[in-house]
Protein chains: 2
Amino acid sequence: MIVRQAANVLEIMEFFAQVKKPATLAEIADHFGWPRSSTFNLLATLSEKGYLYEPRPRAGFYPTPRWLAMARMISEVEPLPQWTHTLIADLSAETGETASIVAPAGVMAVFIDVVESQAAIRYFATIGHRVPIHATASGRALLLQYSQEERDSVYRKIEFKQYGPSTPISIEAVETELRNSIARGYCQSFADYSRDLAGAAIPLPIGDRRLSVVVAGPEFRIGPKIAEVAALIARTVDRLRPKAAA
Amino acid sequence: MIVRQAANVLEIMEFFAQVKKPATLAEIADHFGWPRSSTFNLLATLSEKGYLYEPRPRAGFYPTPRWLAMARMISEVEPLPQWTHTLIADLSAETGETASIVAPAGVMAVFIDVVESQAAIRYFATIGHRVPIHATASGRALLLQYSQEERDSVYRKIEFKQYGPSTPISIEAVETELRNSIARGYCQSFADYSRDLAGAAIPLPIGDRRLSVVVAGPEFRIGPKIAEVAALIARTVDRLRPKAAA
DNA sequence: CAGATAAATTCACATATATGTACGTTCGCC
DNA sequence: GGCGAACGTACATATATGTGAATTTATCTG
């Protein structure tokens, strides 16, 4: 069950992150198609908790810096090492595609750092974006780091759907693809989940954290050179990863 | 009306900001005294939206960097000028008390930047903290920047409560205190709102934004030297504020 | 490795909550 | 400066939602 008002809080914040200026009750209500009275209650709640204020009279609400203060506290714990950001920045620069660091979240894989391609046609992904762990290159690069038992436990929860023509729709299919990935030396996906999207990924264990790096873009651009891209990822990781670490 | 699940989202995030490590469903549920099933729904919603993930298997949930990414986007709009932070840092260092930048939010005043005192006994305030605009030094320093009509409009919404012995409990009382403040050259409060708390504040208009600076601490420490503190605030603002600006 | 224990998940129902409607206030326009 | 329209606010009611109990899944213990 989805908790509507919890989701609405997030929606409101994303709204402010987009428009980047104060908004009145009416504007927010209209934007989301919410009733005024409901919007009123929500804004009142957020204000009361110290997360919204009125920068100038009658110009509407805007988030207080409290969000930032809290996000900083949360994120200063085990931040990703600096070199991982350099990694995807370099990869994105060299390939012209979108590069990301990905982490597991149950049956999904979450993007926890992203450097976007500058191309007009590109893979549009944001931090927090989620994709099925079994039907994506990045996800399978995570699964490769699991034990057989852990994978089985994940499989049990997966609802296999035919997202595209090549989506693996059974445990067998996924396991086979994992074996192929090992043989190949990298994980790949050709529109297994998102239409027209291809990507190459490799596992990126850091300490006891299981992450992966992925470079993804339109099939027609990535497809022909996927092996090269994968090799580039591997080389770049070798270059940037501190040698001391396990 | 308070929107419970909206507030809960904030509570959860504050929880993570405090404990700074992943937490399982059970831990979160127990911490707040929420039913497991409700907690499940909330966590599922936050996860689905890409705000929580599972850093390592079976170690529970933790917020994704998405919070940070969003908070940054929101806060890069009209950030407070750098010198305002220097201002309160200097004030806190020199006085040994807590110094803050404050902004209006309806009938309340919100702390939008805070540098805390290092003293054992101190004014504990955080960014986002809210106090009544009419019953605090910082709030009245905001009201001083309003026109008479604007103030009247605020007064109409205020619910006058006797927070302490010296709380102004009428429009008259507030207006009188404002006049005294002008004569005095600064705003002050002696436990008008918070017990044992005294503070000195002055208006701090920046562009078309109406802000104030306040230094606050225990009555027994601040009380005797409140005039000095106020003078120090004024001098420090003069020193740090760029001369070019209006 | 099996049994026990704890955690996670599902589901149907009672209840807390979102909202339609109505009222008061503020603002823009002539 | 007064009128009209838009905005913000309160409240009662129907309804979406939180929750206790039951089920399944995972983890610990001997």
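Conventions adopted
- Residues numbered from 1 in each chain as written.
- Chains lettered and ligands numbered in written order.
- Predicted model: local features only at pLDDT ≥ 70, side-chain atom pairs only at ≥ 80, totals over all residues.
- Heavy atoms only, no water.
- Helix = DSSP H or I, 4+ residues; strand = E, 2+ residues; numbered from the N terminus.
- Buried < 20%, exposed > 50% of the residue type's maximum accessible area, 1.4 Å probe, protein only.
- Contact = heavy atoms within 4.5 Å.
- Areas by Shrake-Rupley, 256 points an atom, 1.4 Å probe, with all protein chains shown as cover.
- Lys, Arg positive; Asp, Glu negative; His and termini not counted.
- Charge placed at Lys NZ, Arg CZ, Asp CG, Glu CD.
- Near = heavy atom within 4 Å.
- Polar contact = N/O pair within 3.5 Å; in protein donor to acceptor, adjacent residues only side chain to side chain.
- Nonpolar A, V, L, I, M, F, W, Y, C, P; charged D, E, K, R; others polar.
- Domains from an automatic or database assignment.
- Pairing = 2+ DSSP bridges.
- Axes fitted to C-alpha atoms, helices over the stretch in contact; angles between N-to-C directions.
- Phe/Tyr/Trp six-rings, centres within 6.5 Å; stacked < 30°, edge-to-face > 60°.
- Lys NZ or Arg CZ within 6 Å of the ring centre and 35° of its normal.
- Least-squares fit on C-alpha atoms with pLDDT ≥ 70 in both.
- Parallel < 35°, antiparallel > 145°, perpendicular 65-115°, else oblique.
- Left-handed = near helix turned anticlockwise from the far one by under 90°.
- Core = buried A, V, L, I, M, F, W, Y, C linked by side-chain atoms within 4.5 Å.
- Salt bridge = Lys/Arg side-chain N within 4 Å of Asp/Glu carboxyl O.

Draft legend 1. The overall build of chain A, seen in detail. Assigned secondary structure in chain A consists of 10 helices and eight strands. Looking at chain A residue by residue over its 246 residues, the buried ones come to 53%. Pairs at least 24 residues apart make up 54% of the contacts formed inside chain A by residues separated by at least 6 positions. When the accessible area of chain A is evaluated, it comes to approximately 11,000 Å², of which 55% is carbon and sulfur surface. Put simply, chain A has 27 plus and 26 minus side-chain charges, and the middle of one group is 4 Å from the middle of the other.

Draft legend 2. Molecular detail of the protein's contact with DNA strand C. Around DNA strand C, the structure places 18 residues, and the nearest of them are Q5, S38, N41 and R58 of chain A together with R156 of chain B. In DNA strand C, atoms within 4 Å of the protein come from the sugar-phosphate backbone in 76% of cases. Between DNA strand C and R4 of chain B there is a distance of 3.1 Å, counted from a phosphate oxygen to a side-chain nitrogen or oxygen. Looking at the surface near DNA strand C, the elements that each hand over two or more residues are α1 (4–19) and α3 (36–48) of chain A together with α2 (25–32), α3 (36–48) and α7 (148–157) of chain B. Split into classes, the residues belonging to the surface near DNA strand C amount to six nonpolar, seven polar and five charged.

Draft legend 3. Summary view of the domain arrangement of chain A. Each assigned domain of chain A is listed with its residue range as follows: domain 1 (4–75) and domain 2 (82–240). If you average the C-alpha positions of domain 1 of chain A and of domain 2 of chain A, the two centres end up 34 Å apart.

Draft legend 4. Structural view of the sheet that holds strand β3 (residues 98–105) of chain B. Residues and elements named next belong to chain B. The strand order across the open sheet formed by six strands is β5-β4-β3-β8-β7-β6, and the pairing between neighbours is antiparallel. Both outer strands of the open sheet, β5 (130–132) and β6 (187–190), are each paired with one neighbouring strand and no more. Pairs of neighbouring strands in the sheet enclose a mean axial angle of 30 degrees, with direction left out of account. Pairing analysis gives 10 bridges linking strand β7 (residues 197–206) to strand β8 (residues 209–218), with the strands arranged antiparallel. Bridging across to β8, A200 finds its partner in V215.

Draft legend 5. Representation of the protein's contact with DNA strand D within the structure. Lining the immediate surroundings of DNA strand D are 18 residues, of which A26 and R156 of chain A together with Q5, S38 and R58 of chain B lie closest. Near-protein atoms of DNA strand D (within 4 Å) split between backbone and bases, with sugar and phosphate holding 75%. Here a phosphate oxygen of DNA strand D sits 3.1 Å away from a polar atom, N or O, in the side chain of R4 of chain A. In this structure, a phosphate oxygen belonging to DNA strand D sits 2.8 Å away from a main-chain N or O atom of A26 of chain A. Broken down by secondary-structure element, the contributors of at least two residues to the surface near DNA strand D are α2 (25–32), α3 and α7 (148–157) of chain A together with α1 (4–19) and α3 of chain B. Considered class by class, the residues forming the surface near DNA strand D number six nonpolar, seven polar and five charged.

Draft legend 6. Representation of the packing of aromatic side chains. Evaluation of the coordinates by the stated rule reveals 15 aromatic pairs over all chains. Centre to centre, the rings of F32 of chain B and W34 of chain B are 4.3 Å apart; their planes meet at 15 degrees, and the pair counts as stacked. Given the relative accessible area of 17%, W34 of chain B is considered buried. Grouped by ring-pair contacts, the aromatic residues F15, F16, F32, W34 and Y62 of chain A constitute a single cluster. The ring of Y186 of chain A carries the charged tip of R184 of chain A above its face, separated from the ring centre by 5.6 Å.

Draft legend 7. How the structure looks around the relation of the copies chain B and chain A. With an RMSD of 0.1 Å, the fit of chain B onto chain A corresponds to turning through 180 degrees and sliding 0.0 Å along the axis. Accordingly, the operation relating the two chain copies is best matched by a two-fold axis. Within chain B, the C-alpha atom positioned nearest to the axis of rotation is that of A6 of chain B, 2.5 Å from it.

Draft legend 8. Region of the structure containing the side chain of T45 of chain B. Its location among the elements puts T45 of chain B in helix α3. Taking the relative accessible area as the measure of exposure, T45 of chain B reaches 1% and is therefore buried. Leaving out residues up to four positions away in the same chain, T45 of chain B has contacts with M1, I2, V3, A6 and A7 of chain A.

Draft legend 9. Examining the packing of α7 of chain B against helix α8 (residues 171–184) of chain B more closely. All names here are of chain B. Two elements in contact, α7 and α8, have axes whose closest approach is 11 Å; the angle formed by their N-to-C orientations is 140 degrees. When the axis of α7 is compared with that of α8, the two are oblique. The two elements α7 and α8 meet at a crossing, and its hand is right-handed. Here Q148, R151 and Y155 of α7 come into contact with α8, specifically with I171, V174, E175 and L178. Taken together, the residues that form the contact of α7 with α8 break down as four nonpolar, one polar and two charged.

Draft legend 10. Spatial organisation of the nonpolar core. Ranked by internal contacts, the top residues of the largest apolar core, which has 50 residues, are I12 and F16 of chain A together with I12 and F16 of chain B. Counting only elements with at least two residues in this core, the list comes to α1, α3 and α4 (66–75) of chain A together with α1, α3 and α4 (66–75) of chain B. Those residues in contact with I12 of chain B that sit more than four places away from it in its chain are I28, F32, W34, L42, L43 and L46 of chain B.

Draft legend 11. Looking closely at the side chain of E97 of chain B. All names here are of chain B. Within the fold, E97 resides in the loop between α5 (82–95) and β3. On the basis of relative accessible area, E97 is assigned to the buried category, the value being 1%. Here R221 takes part through its side chain, which lies 2.6 Å from a polar atom of the side chain of E97. In this view, E97 contacts S92, V115, E116, S117, V215, A216, G217, P218, R221 and I222; residues no more than four positions away in its chain are not counted.

Draft legend 12. Broad picture of the pattern of salt bridges. All names here are of chain A. Summed over the entire model, instances satisfying the criterion amount to 22 salt bridges over all chains. Between D90 and R239 there is a salt bridge, with its nearest N and O atoms 3.3 Å apart. Here the residue D90 occupies a position in helix α5 (residues 82–95), and R239 occupies one in helix α10 (residues 226–240), the gap between them amounting to 149 residues.

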